[in-house]
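Understanding the architecture of this molecule
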Amino acid sequence: MRVFKNLVLLFLVPVVRGSMIQLKNGGYEDVVIAINPELSEDDNIIRNIQDMVKEASTYLFNATKQRFFFKAVKIIIPLHWLPKPEYLSVKTESYDKADVIVANPFLKYGDNPYTLQYGGCGEKGRYIHFTPDFLLNDNLYNIYGSRAKVFVHEWAHLRWGVFDEYNNDAPFYVSGNSGNASVEATRCSADVTGKYILQSCTGKSCMTRKCEYDQQTKLYEAGCKFIPNKTQFSPASIMYMQSLPSVVEFCDQSTHNEKATNMQNKICNHKSTWEVIMNSSDFSNTSPINSTSPPFETSFSLLQTKDRVVCLVLDVSGSMAWNNRINRLYQAAEIFLLQIIEIGSWVGIVTFHSTAQIACSLRQIVSEDVRQDLITCLPTSANGGTKICHGIYKGFEVINQKYSNLDGSEIVLLTDGEDATVSSCLTNVKNSGLIIHTIALGPSAASELEQFSDMTGGLKLHATDTVDSNALIDAFSGISSGSGNISEQSIQLESTARSVAVKQWMNGTVTVDSTVGKDTFFVVTWDGITSPPDILLRDPKGKEYRTSNFTVSNLNLRTARLSIAGTAEVGDWLYWIQNNHTAPQVISMIVTSRAASLAVPPVTVKAHMNKDTNNFPNPMVIYAEVSQGFLPVLGATVMATVEQETGSAVQLKLLDDGSGADITKNDGIYSKYFTSFKGNGRYNLKVHIQGRKQTVRLGRRQSRALYVPGYIENGEIKMNAPKPEVSDEEIQAKLGSFNRVATGGSFVVVNVPSGGTTDVFPPCKITDLEAQFEEDKIHLSWTAPGNDLDEGQADRYIIKMSESFLDLRNTFDDAISVNTSSLVPKPASTKESFQFKPENVTIENGTIIYFAIRAVDNASLTSEVSNIVQAALFVPPKESSPDTLPTEVITNSVPTQGPLTDTLPIDVINDGVNVSIIVIGAVIPVIIVLIAVSITICILHKKNRKGGPELRM
């Protein structure tokens, strides 16, 4: 097998899958913004995107000290919008690879702009999501600031992997030192000034008052908001509150608030956003531009999608006869043509060996008959050599039969062999404008194969010769349209296979949930005799389907297919399959379906690795994003299977607990480190997801632009409408149970030692350490790391404490040690709890102690220093009774979005002076005046009595 050295230089730097952004002389080019095909045609969306990006280019240029700007942007227009002369054709761009998407929210998620981030500090995000309402509704300006500033905030998430500097879950923290502690809002910079208030609304009336302390948390009460002054002197920071007029910079070392309890500090080791940006490859590859404005105005290309065009280019060389490959190819390609490829698509088929032949010209899938005609063109025999470029050029010819250019068309290229001439067509492929998805079959497929995918933005897939993995079927099943039309795409509910002994049964359960059920197929395959095994399938209502109900094609005698009419019954479908052959054989069950309704998005899964090629001994990270629409689905069980070209597969459970490889808890992104490298070559990823009714919930995205509650302007508090909130009942998943299977593509590993590997992976960094005072003791809690990153069990912990934050950050080893002799690490992903009484520390009101932890494995490999946390003993000052606090009742109608025009005088909410003092100071002069008036009246009264009754009062 050839070594994959020529691939290493292409992939050693992690990249955003699909993103084609280029940075040239400070200008970002090929930025793709895609409009979701569900949106109705509205030219204002395009116009406002252009205005936003143009303005953002100047703002970004100044915020990055004259380094970066937006030079060229592509906007993808949906197919159903009316064509216009200025609309060009898409090439390798598509909705599912866009850097920015414009799409409606799902449920009441609101118009919060956000960036989907999978990875850690400095790692690029997946995409930015803007809603059409955000782009069209000017009332949102007061909440988020200008769209341009929001775009730069999100761009920093997407491009440089920085995180938010506010924290809705921990909005306050204790700052200062003994005798001088105070509660502060989580923000950066700490120089941003404002007041702490609580607003409560009933119907159309809102009441605002000063925040009180929570006697349990010792911080401000739940619902308390920090209201900034509209006029500020602080220029930072864009990652906190980009809406403030004064904010034009990212926090740097001089302005960064390293003690704030936000994600930026937690994930980026308390580094400022500007430090992270300076450490990026973008920064190292550019120099400041000597100009006060960007050297180019942003240019825009408007690209419109077209009908999907796919040509299968299939290897039928002699080696395809080995290991039953040609028959397995037929089974997998048949499933693709009958169940996966979307209605309305155009499909052609090419076969190649030493030469190439057109097996089927382009046909549009408008009926089941067309699908059946196409499968008659699939190859059934193999011979000859391997000339990959011949096959590709013949694929060009098939597409050119309908289209004058190849722009936006797709080729699915499958091969199992090497080809010394494969590089000869790379340049033509790169310039063609089409997308090539590659499937490497077996251990000897050309090592250059993935280059076709990389230069065109196609998928990279791999299938071993292990029959009971279903890898080839899964590869074809993963090649869905990138149009963004989720309701049209096929969804894999099940794909399982195993060797079944003579007369033994393979049984299982496939759950059809309410979000799918249309166009549902149950497919059974086997690899022994041509006659089918005995099949029994029972739907949730007890209806049974037997072998006689399944269809076995004359062209494919080892596949039985059952199509469920209408919409499949929701619930558990049970199956039993008996091997009636005289020898063991591999039997598999594959189930696919489509969305049950256009109005309800189905639960979907996207799986992938953090990079496409890995240089041992670097670890890799497996990600699986489980979502319904744009809402993350929580509480699912996610199992990943990683299979190498040779050797047994490795199974791992992915977690969404905010520890180890998982960056954010409960964001629907399930993660795990992968370190079980058995050798060089290709590996492929597959994930199984199962959800159960009692555990599944819908969550919210992180990395969102801050929803500003209001401002203090000219001495008055001006409140925005309260942020729309979704109740727990509304986000409870009504999915029932569900099953999903997804392929995560393939990746390449190099430099694995031939003699086996030693322990080179330390425990992973602990990122969720928490601390608090419990009387005179400290209680610490965290999630246990593993022996190798987040797998296994660490050997011991090193805990350090200090009254100086900087001591722990800069000189961890020199800080005070905590006695951990009684602390035995638990298995990875288990919750740890440790309580102790600090020694040699004077505990008094205002005492703040900082803690950090490292884990050590049995090979004495040590983890990175954890996130640094504080335990603060803070006794809040006594407050007057809430009943005596002055309030302002706002009776005007509360709009669903946009600011309230009513204001509250600033002296009503004043943190600097005790409210009772204000009241007494105002009442005393009045009392003195009343006393004086009373005395005067009494004197006059007495005089009048002496003067006669006629003057009596």
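In this report, the structure presented in the accompanying data block is examined. None of the values given here were measured: they were computed from a predicted structure. (Residues numbered from 1 in each chain as written. Predicted model: local features only at pLDDT ≥ 70, side-chain atom pairs only at ≥ 80, totals over all residues. Heavy atoms only, no water.)

Some details on the overall build of the protein
Counting its secondary structure elements, the protein contains 18 helices and 51 strands. Among the 953 residues that make up the protein, the fraction classed as buried is 56%. In the structure as shown, the protein presents an accessible area of about 38,900 Å², 50% of it carried by carbon and sulfur atoms. (Helix = DSSP H or I, 4+ residues; strand = E, 2+ residues; numbered from the N terminus. Buried < 20%, exposed > 50% of the residue type's maximum accessible area, 1.4 Å probe, protein only. Areas by Shrake-Rupley, 256 points an atom, 1.4 Å probe, with all protein chains shown as cover.)

Describing helix α11 (residues 368–375)
Within the sequence span of α11, burial applies to Val-370, Arg-371, Leu-374 and Ile-375. All buried residues of α11 project into a common sector of 135° when viewed along the axis, lining one side. Against α10 (325–340), β17 (346–352), β18 (356–364) and β30 (585–595) lie the buried residues of α11. (Arc of directions from axis to C-beta. Contact = heavy atoms within 4.5 Å.)

A short note on empty space enclosed by the protein
Following the criterion strictly, the structure yields seven cavities of 30 Å³ or more and no others. When its volume is computed, the largest cavity comes out at roughly 140 Å³. Going through the elements one at a time, α10, α15 (471–477), β24 (516–526) and β30 are the ones with two or more residues in the lining of the largest cavity. Here the residues of the lining of the largest cavity are counted per class, giving six nonpolar, five polar and two charged. Of the pockets and cavities examined, the second largest cavity occupies roughly 100 Å³. Every residue lining the second largest cavity is counted, 19 residues in all, and those nearest its centre are Ser-659, Gly-660, Ala-661, Asp-790 and Ser-829. Among the residues making up the lining of the second largest cavity, the classes are represented as seven nonpolar, six polar and six charged. (1 Å grid on protein atoms, 1.4 Å probe; cavity = no way out; pocket = protein on both sides within 12 Å on 5 of 7 lines; lining within 4 Å. Points joined across faces, edges and corners; volume = space filled by probe spheres on them. Nonpolar A, V, L, I, M, F, W, Y, C, P; charged D, E, K, R; others polar.)

Comments concerning the environment of Ile-197
With respect to the helices, strands and loops of the structure, Ile-197 is situated in strand β12 (residues 194–202). Residue classification places Ile-197 among the buried positions, given a relative accessible area of 0%.

So, the packing of helix α2 (residues 43–63) against helix α5 (residues 147–160)
Between α2 and α5, whose axes approach to 8 Å, the crossing angle comes to 70°. By the angle class used here, α2 and α5 are roughly perpendicular. Contact residues: Asn-48, Met-52, Val-53, Glu-55, Ala-56, Tyr-59 and Leu-60 in α2; Arg-147, Ala-148, Lys-149, Phe-151, Val-152, Trp-155 and Trp-160 in α5. Among the residues forming the contact of α2 with α5, the class breakdown is 10 nonpolar, one polar and three charged. (Axes fitted to C-alpha atoms, helices over the stretch in contact; angles between N-to-C directions. Parallel < 35°, antiparallel > 145°, perpendicular 65-115°, else oblique.)

A short note on the nonpolar core
If you look at the biggest cluster of nonpolar residues, it comprises 85 residues, and the most contacted ones within it are Tyr-28, Ile-35, Phe-130, Phe-151, Trp-155, Trp-160 and Phe-250. With nine residues, α2 is the single largest residue contributor to this core. Not counting residues up to four positions away in its chain, the partners in contact with Trp-155 are Ile-21, Tyr-28, Val-31, Leu-60, Phe-70, Ile-128 and Trp-160. Counting residues in hydrophobic clusters, the runner-up holds 41 residues, among them Val-370, Ile-375, Leu-414 and Ile-439. (Core = buried A, V, L, I, M, F, W, Y, C linked by side-chain atoms within 4.5 Å.)

Comments concerning the state of the cysteines
In total, this model carries six disulfides according to the counting rule given. Disulfide pairing places Cys-188 opposite Cys-251 at an S-S distance of 2.4 Å. The sign of the -125° torsion about the S-S bond sets the Cys-188-Cys-251 disulfide as left-handed. Remark: Cys-251 occurs in the loop between α6 (238–241) and α7 (263–267) and Cys-188 occurs in the loop between β11 (182–185) and β12; sequence separation between them is 63 residues. Assessed through its relative accessible area of 0%, Cys-188 is described here as buried. Each sulfur in the disulfide pair Cys-360 and Cys-377 lies 1.8 Å from the other. One end of the pair, Cys-360, is in strand β18; the other, Cys-377, is in the loop between α11 and α12 (388–400), and 17 residues separate them in sequence. Of the two residues, Cys-360 and Cys-377, both sit in the buried class. Counting only the cysteines that form disulfides, in the order they appear in the protein, gives the pairing 1-8, 2-7, 3-4, 5-6, 9-10, 11-12. Cys-360 provides the cysteine sulfur closest to Cys-311, a residue in no disulfide bond, and the two sulfurs are 9.9 Å apart. Since its relative accessible area comes to 0%, Cys-311 is described here as buried. (Disulfide = S-S within 2.5 Å.)

A word on the packing of aromatic side chains
Enumeration according to the criterion identifies 38 aromatic pairs in this entry. Measuring from centroid to centroid gives 5.8 Å for Tyr-393 and Phe-396, while their planes differ by 75°, and the two rings are edge-to-face. Placement of the pair is Tyr-393 and Phe-396 together in helix α12, with a separation of three residues, close to one helical turn. You can call Tyr-393 partly exposed: its relative accessible area is 32%. Against the face of Tyr-711 rests Lys-230, its NZ or CZ located 4.0 Å from the ring centre. Positioned over the ring face of Trp-346 is Lys-402, at 4.0 Å from the centre of the ring. (Phe/Tyr/Trp six-rings, centres within 6.5 Å; stacked < 30°, edge-to-face > 60°. Lys NZ or Arg CZ within 6 Å of the ring centre and 35° of its normal.)

Things to note about the sheet that holds strand β43 (residues 770–774)
Strand order in the open sheet formed by three strands is β43-β44-β47, and the pairing between neighbours is antiparallel. The open sheet has two edge strands, β43 and β47 (831–836), and neither has a second partner. Going across the sheet, the axis of each strand differs from the next one's by a mean of 20°, ignoring polarity. Examined bridge by bridge, β43 and strand β44 (residues 777–783) share five bridges and lie antiparallel to one another. (Pairing = 2+ DSSP bridges.)

Notes on the environment of Lys-723
Examined against the element boundaries, Lys-723 turns out to sit in the loop between β41 (716–720) and α16 (728–731). Lys-723 has contacts with Asn-112, Asn-168, Arg-704 and Tyr-707, leaving out every residue within four places of it along the chain.

Structural notes on the pairing of β43
Put simply, side chains in a regular strand alternate between the two faces of the sheet. Of the two faces of β43, only one is covered, namely that formed by Ala-771 and Phe-773; the face formed by Glu-770, Gln-772 and Glu-774 stays uncovered. Between β43 and β44, which pair antiparallel one after the other, the connecting turn spans two residues, and Glu-775 there sits at a positive phi close to 60°.

Describing the pattern of salt bridges
Here the idea is simple: oppositely charged side chains can pair when their charged atoms come close. Following the criterion strictly, the structure yields 34 salt bridges and no others. Between Glu-184 and Arg-187 there is a salt bridge, and its shortest N-O distance comes to 3.1 Å. (Salt bridge = Lys/Arg side-chain N within 4 Å of Asp/Glu carboxyl O.)

Brief notes about the environment of Phe-616
With respect to the helices, strands and loops of the structure, Phe-616 is situated in the loop between β32 (613–615) and β33 (620–628). Residues Phe-616 and Val-749, 133 residues apart in the sequence, show an inter-C-alpha distance of 7.0 Å. With residues near it in sequence (within four places) discarded, Phe-616 still touches Phe-677, Val-750, Asn-751, Val-752, Pro-753, Thr-757, Val-760 and Phe-761.

Observations regarding unusual backbone geometry
Put simply, Cys-188 and Ser-189 share a cis peptide bond, and its omega is 10°. Along the polypeptide, Ser-189 turns up in the loop between β11 and β12. Across the junction of Phe-616 and Pro-617, the peptide omega takes the value 15°, indicating a cis bond. Considering the arrangement of structural elements, one finds Pro-617 in the loop between β32 and β33. Here Asn-324, not a glycine, exhibits a phi torsion of approximately 60°, which is positive. Mapped onto the fold, Asn-324 is located in the loop between β16 (309–315) and α10. The residue Asn-714 is not glycine, and still its phi comes out positive at about 55°. By the element assignment, Asn-714 lies in the loop between β40 (710–713) and β41.

Section: the packing of α10 against α11
Contact geometry for α10 and α11: axes closest at 9 Å, N-to-C directions at 160°. If you check the angle between α10 and α11, you find them roughly antiparallel. Considering only the axes of α10 and α11, their crossing is right-handed. Here α10 contributes Tyr-330, Glu-334, Leu-337, Leu-338 and Gln-339 to the contact with α11, which in turn contributes Glu-368, Arg-371, Gln-372, Leu-374 and Ile-375. Its residues assigned to classes, the contact of α10 with α11 comprises five nonpolar, two polar and three charged. (Left-handed = near helix turned anticlockwise from the far one by under 90°.)

Here's the deal with the sheet that holds strand β27 (residues 551–552)
Read across the open sheet, the five strands follow the order β22-β30-β24-β28-β27; overall the sheet is antiparallel. Of all the strands in the sheet, the pair left with one neighbour each is β22 (491–500) and β27. In terms of strand pairing, β24 meets β30 through eight bridges, oriented antiparallel. Looking across to β30, one finds that Trp-526 is bridged to Ile-587.

In short, the description is geometric, and any link to function would need to be established separately.
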